[in-house]
Amino acid sequence: MREPSYPIDLSKKDSHKPKDIRGGERKVMKKSLSLVLAASLVASAFAGSASAASEMTAMEKFEALKAQGIFAGRANGDADLDAQMTRAEFARVGGLLKGLDVDAEPSTNSFTDVSADAWYYEEIEAANAAGFMQGYGNGKFLPSDNVKTEEMARVLVDILGLEVDADAEVTGKVSDWAKGYVAAAIKAGIIDSSDDYTQPALRSELVSSSYVVNEVQNPEQAVAITLAGAKKFEVSFTEAVDTANVKATVKKGDNTVALKSEWNEAKNVLTLSRSINLDAGEYTVTVSGVANVEDTTKTFTVAPERIDAVNLEDVAYKTTLPAGGVVDAEVAYKLVNQYGEDITSSINKSDLVATTSSGAIEVGDSSGKANGVLEISDLPEAKEEITVSIVDKVNGNSARKTVQVKDQKVVEDVTIQAPELKDGKTALEAGVNDYKLPYTAKDQFGNDIKVTDLSKLTFISSNSTAFTPDVTTNITLDADKNILIDFPSFEGPQEVKLTVIVNRSGESSSVTFTVNGTATAEVPTLVLPEGRFSGTDYKVQLQVKDQYGNDMKAEDIVTAYTNNKFTLSSGNTSKFTVAGVEKDGEKAVVRLLPVNISSERQTGSAVLTVTVNKSGKTASTTVNVVEAQKPTAFTLDASVTHAVYNADLTLKGKFTDQYGEEIKTSDNDVVFETSDATAYAAPNDTDVTTFADAGVTFTALKANSSSKITVKLKNASNQVIDSREVTLTTVKNDAALTYSVEEVGTIADEAAGIVSNEYAKKVVVMGTDASGNKVALKDPIVEVVPVDTSIVVAAVDGSDWKLAAQDTDENKETVVNVRIKTPTGNLLNKQVTVKVSKDAPKAVELKSKDDKTEIAINANASYSFADFFDTDNSLSFIIKDQFGVENYSDVVNNAAVFVTNKETNVLTKVTGTYNFEAGKEYKVTVVAGDKQMEVTVKVNPSV
C-alpha cells in the first residue's frame, strides 16, 4: 500500500456542486439509525467512548485514528491539524470509515481528472462505487480541491445513513443544497455549529468528526444497571450480547435474591424482576460474562414503595341523570410511586381521603383497594365546576384542582374496521365465532371511550345469508369491551357490508368485507412416512386443502373424517386394514393395521386410497407391509456391577429387532443363570419390556465374592436367540470407597412439600472403589438437609430419602446437604444442587397399555372416565408428563376420551359411564394436550 501524505478535501463552486453533495439529487430518507452521536451520547449510559471523546484533544483523536490506519501524518510524521485536506485524501478516510477495501484494483476509470497512476486512484473509485463521493457530474472529481465543512457533513451523514430533512433550518452561512446534511450532522453531534459552513474544514475538524463517526460505527460494549421499578432491576447493553454467557446476580447482604430474568427481542436489555415488591435494603447487582467487558457491579438502596405523586384529572363527568335536582359524578386520579409507576390499584382505600367543594365525595374502591375514581354524590345539577382534593395520609402527598363538571359520557361516534382474521388464517370463514370487530369510539367531548352497551348501537348487514346482526346472540362484548361477531355456516364466499349506527347521535360507520363459506375438504394428499411398516401400526400423513386452496389443520381433518367427509380403503384387506384418521402432533395421519392369519403376519403391498366424498377427488399410495418386528439381539446395561454386602444391583437390557431398531415386547422371555448362587442368586424369568424398563434386582449375599450372570433371550419356541454375560462382585467389608450423590435433576413444585407425592425425587448415594468401579451401597444415607426449606424439603418415604419441592411462582435453585454413613462407621457430608420448576405438568407421551392398538374386553363392560386410565384394566391408557410421572390426576383430567360405535358411527365423549355392548366393535380415541391415539376395542360376545 502506498503511503500518501494527506490532509482532507471536497468541493469546488456551488454552481458546480459535485454529485455526491447535491441535495436535490437523492431525497435522502435513508434508514434512520437510532444514533445520538458524540456529544449527545455523553448523557447516555452507553456513552463511555463518546464521553471520553468529548474530553480528548484533537491530537489524541488523531493518534487513535492513526493507530487504526484511518488517518496518516505528513511525510515528516506531523499531524498538521491546522492545515486542510483534499478530496482525494478524504475519499480514502471515508472509505476506511465505511469499511471499504480502498486498495482494490478498479475495473474502470470514472473520472477524466483522476489518473490510473495516481496514489488516490483506487480510493476515489471505491468512494464513487459506494456512492458517498461521486464527482461533479461532468466527468470531474477535482481530487486536489479542499473539503468544505458542509461537504464533510454530507459525506459523513451519508456514511452513517442518517435521515436528512432537506427543508431543515440552519443558522449560519450554508449552501441551499447542504442545509439538510449540516442540520443532520449538528443534531447527531458530528460537527459543531458555525457561522460559515462553506469554508474549507481544518484537519483538526475532520479528525474530530471522523472520530465520532468511527466510534458510533464501532461502539465499545458497555453495561448500565438501573433500579427500574419497585419490583425490578434493568441491565442495558450498548449492543446485543450472547445471552447464554451473560450472568446477572442480585444479592441482599450475603443472600442471593432469586429474580426472574427476561431478555428483550434485541438481546440488549435484561430485566430482573419478581412478582412482589423488592424488600427494603441494600442490593448489589453484578453482571458478568459480557464479551470484552469486565464484570460490572452496582449497589442500590431500595426504599419501601411510597406514593410519590397524586394526579387529578381536569373534569368531573356526571354518571347519572338528574334526580331531585342533583346528580352523581366521578373524577379520575392516579397514584404514582417513586419510580414513576402507576400503583393506584395497590393502595388501600383507607389510606386516602378526598374533599369536594360541593356535594359528598368518597374514594371509590375495589375490594378495599383504590380504583382510581373519586365518587361524588348529591352534586347540584347546575354546578359547572367544583374544587376537589385527594390526600395520601401515609406520605402526605396531595392534589387539589378545580374541575369542570360535564355531562355523562356517552358514545357519540363509532368507526368500525373489517373483522380481524384468526391466527394462521388468510380469510374470514363462515361457521366461526368470536371474530373481533375493531372499532374506535368517541364520546360527546371527543375523548376515546369504550362501548359498554350494545343496545345503544344498531347494526345493519347488507347480506342476511352471511350475517344477520343481533346484539343478543351473534354480536357480543367480551370482558375488555371488544366487539365480537359470530358468522353462521353457509356456502360462500359472501360479501357483507356491515353498518353501525349510534342511536343517540345518528352517526354511522360502514365496512365491507368478504366471508368465505364454511371450509370443506376438497383435495387430499397422502404422504408415506420414512419408516417401514413393521410395527403394530403404520401412520400415513393425510394432507387436505379446502375449497379455497388453504391447508386444513390436523384437528379439522380429524373432525371431517369423524363426520364421514372422507372414504378410506385398503386395496387388499388381507395385507392391511384402515383404523381411521387421528391427530399425531401437528399432523393428521391415517393409521393402518397389519393383518395376522393364524398368528402369522401377512406381508406384501396394497394401495391405500382416500376419497373426499363431496368433491370426489382422491389420492392413492402403495403401502408395503414387511415382517413384524421381533427382538433378535440385546445389550446389558451393567454400569454398576459392584456392591457392598447385602446391597442390591439392578441389571437392565436394551433390545433391538431384525431392522436394528429398539424394541420392547412381552412376547419373548428373558431368563437368568448364576455361576455362584451363594454370591448372587438368579431371579425369576421376565419379559423383554420388564427387563428393559424396570430391570431385575440381584442382592449381594456374601462379602468378597463374585458370580458370573448369564442372561438369555428366548423366543416363543423356547429357543435361545441371544445371550450376554456379566460378573457381579461384592467388595470386602473394609474396602476403601469414595462417595458421591447422584444428580437429582429438576423437581416439579406439584409435590407441594410432600415426599410421598409422585413428583418427589429419590436421593441416591453411590460409592466408588480404588479401581474406579461404582459400588452400590446398603442404606448409606443418615439424613438429608436442604439449605432452604422454603424451596425444597427432605424426609424418608418408605426406605428411601426423598426431596419434594415447595409451591413456587418462579423457577428456583438450592443446595441440599446429604450426610452419609460409610460401612466402617464414618460420617461424611456431600452437597447436591436441586432445581425446582413452577411449570405445570403436561402430556409429552400417550400410549395404550402394552402399546396395543387392538384390545379385547369382556362382554357388556362399563367404563367410567377414570377406568380408561386405570392400568389394572386391559383397556387403559398411559399419559406421561415432562417430569416422567404417569397418569397424574391433573394431566388425566385435562384429557378427553371419545368412543365411536363402528356399527352406528355414533361418536360419544365419555363424561360419565360408557357401556360396551357384547359382540360389538368400537374405536376409542384419547386426546391429551397435542397427543392423540386410537385403539380398536372388540367386545367379547355374551356366553
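Please read all numbers here as calculations on a predicted model, not as lab measurements. (Residues numbered from 1 in each chain as written. Predicted model: local features only at pLDDT ≥ 70, side-chain atom pairs only at ≥ 80, totals over all residues. Heavy atoms only, no water.)

Enquirer: Would you explain the overall build of the protein in this entry?
Expert: Looking only at helices and strands, the protein features 10 helices and 60 strands. In terms of overall size, the protein is more extended than a compact globule, its C-alpha atoms giving a radius of gyration of 40 Å where 943 residues would be expected to give roughly 30 Å. For the protein, the spread of C-alpha atoms along the principal axes amounts to about 110 × 90 × 70 Å. Each of the 943 residues in the protein was classed as buried or not, and the buried ones make up 43%. Of all intrachain contacts in the protein linking residues separated by at least 6 positions in sequence, the fraction that spans at least 24 positions is 63%. (Helix = DSSP H or I, 4+ residues; strand = E, 2+ residues; numbered from the N terminus. Rg over C-alpha atoms; globule rule 2.2 N^0.38 Å. Buried < 20%, exposed > 50% of the residue type's maximum accessible area, 1.4 Å probe, protein only. Contact = heavy atoms within 4.5 Å.)

Enquirer: What is the right way to look at the pairing of strand E56 (residues 896–901) in this model?
Expert: Along any regular strand, the residues point their side chains to alternate faces of the sheet. For E56, the buried fraction is high: 5 of the 6 residues fall into the buried class. Across 6 bridges, the pairing between E56 and strand E59 (residues 921–928) is antiparallel. When the sheet's bridge partners are listed, Val-897 is paired in E59 with Val-926. Sheet topology places E56 next to strand E57 (residues 906–909); 4 bridges connect them, and they run antiparallel. The residue bridging Phe-898 from the neighbouring strand is Lys-909, located in E57. In textbook terms, the turn of a hairpin is the stretch between consecutive antiparallel strands, and for E56 and E57 this stretch comprises 4 residues, one of which, Asn-905, has a positive phi near 60°. (Pairing = 2+ DSSP bridges.)

Enquirer: Can you walk me through the side chain of Lys-923 in this structure?
Expert: Its place among the elements puts Lys-923 in strand E59. The contact partners of Lys-923, leaving out residues within four places of it in the chain, are Tyr-561, Ala-579, Phe-898, Val-899, Thr-900, Lys-902, Glu-934 and Val-935.

Enquirer: Whenever I open this one, the UniProt feature "domain: SLH" (unreviewed entry) in the protein confuses me. Can you help?
Expert: Feature annotation in UniProt assigns "domain: SLH" (unreviewed entry) to the following positions: residues 107–170. Across residues 107–170, helical content stands at 34% and strand content at 0%; the span's end C-alpha atoms are separated by 40 Å. (UniProt positions renumbered as here; feature names shortened; annotations may be inferred.)

Enquirer: Just to check I follow, could you spell out helix H5 (residues 149–160) for this structure?
Expert: Every α-helix carries 3.6 residues per turn, so stepping three or four residues along brings you back to the same face. Under the 1.5 Å per step criterion, the end-to-end length of H5 is 17 Å for 12 residues, consistent within 8% with the ideal 16 Å. In terms of burial, H5 is largely enclosed, as 12 of its 12 residues are buried. Listed in full, the buried residues belonging to H5 are Thr-149, Glu-150, Glu-151, Met-152, Ala-153, Arg-154, Val-155, Leu-156, Val-157, Asp-158, Ile-159 and Leu-160. Contact partners of the buried residues in H5: helix H3 (87–97), helix H6 (179–188) and helix H7 (203–217). (Expected span 1.5 Å × (residues − 1).)

Enquirer: Before we go on, may I ask you to explain the packing of aromatic side chains in this structure?
Expert: In this description, an aromatic ring pair is defined by two values, namely the gap between the centres and the angle between the planes. On inspection of all chains with the given rule, the structure shows 24 aromatic pairs. Taking 5.3 Å as the distance between ring centres and 45° as the angle between the ring planes, the aromatic pair formed by Tyr-317 and Phe-445 counts as tilted. Here Tyr-317 is found in strand E9 (residues 307–318), whereas its partner Phe-445 is found in the loop between strand E19 (439–443) and strand E20 (457–461), with 128 residues between them in sequence. Under the relative-accessibility criterion, Tyr-317 is labelled buried at 13%. With a centroid separation of 4.7 Å and an interplanar angle of 85°, the aromatic rings of Tyr-759 and Tyr-888 are classed as edge-to-face. You can see Tyr-759 sitting in the loop between strand E43 (746–748) and strand E44 (761–762) and its partner Tyr-888 sitting in the loop between strand E55 (877–881) and helix H10 (889–893), a full 129 residues away along the chain. Residue classification places Tyr-759 among the buried positions, given a relative accessible area of 2%. By the ring-pair criterion, three or more aromatic residues cluster together here, those being Phe-634, Phe-655, Phe-672, Phe-691 and Phe-698. Geometry around Tyr-317 places Lys-409 over its ring, the cationic atom sitting 4.4 Å from the centre. Sitting over the face of the ring of Tyr-435, Lys-422 holds its NZ or CZ atom 5.3 Å from the ring centroid. (Phe/Tyr/Trp six-rings, centres within 6.5 Å; stacked < 30°, edge-to-face > 60°. Lys NZ or Arg CZ within 6 Å of the ring centre and 35° of its normal.)

Enquirer: What exactly am I supposed to notice about the sheet that holds strand E7 (residues 281–288) here?
Expert: The strands making up a sheet associate through backbone hydrogen bonding, with each pair oriented either parallel or antiparallel. Strand order in this open sheet of 4 strands is E4-E3-E7-E8, and the pairing throughout is antiparallel. Of all the strands in the sheet, the pair left with one neighbour each is strand E4 (255–256) and strand E8 (296–302). Judged from the 7 bridges that link them, E7 and E8 form a sheet pairing that is antiparallel. Of the residues in E8, the one forming a bridge with Thr-284 is Thr-299.

Enquirer: Would you mind showing me how to read the pattern of salt bridges here?
Expert: When charged atoms on two side chains of opposite charge get close, those side chains can pair. For the structure shown, the criterion picks out 40 salt bridges. Salt-bridge contacts for Arg-819 lead to Glu-783; the nearest nitrogen and oxygen are separated by 2.8 Å. Residue Arg-819 is found in strand E50 (residues 812–821), and its partner Glu-783 is found in strand E47 (residues 781–786); the two are separated by 36 residues along the sequence. Taking the relative accessible area as the measure of exposure, Arg-819 reaches 25% and is therefore partly exposed. (Salt bridge = Lys/Arg side-chain N within 4 Å of Asp/Glu carboxyl O.)

Enquirer: Would you mind going over the sheet that holds strand E36 (residues 648–657) with me for this structure?
Expert: Pairing is antiparallel across the open sheet formed by 3 strands, whose spatial order is E34-E36-E39. Strand pairing shows two members of the sheet lacking a second neighbour, strand E34 (631–637) and strand E39 (696–699), which therefore form its edges. Each neighbouring strand pair of the sheet contributes to a mean axis angle of 30°, computed without reference to strand direction. In terms of strand pairing, E34 meets E36 through 6 bridges, oriented antiparallel. Each residue of the ladder has a partner; that of Pro-631, found in E36, is Asp-657. (Axes fitted to C-alpha atoms, helices over the stretch in contact; angles between N-to-C directions.)

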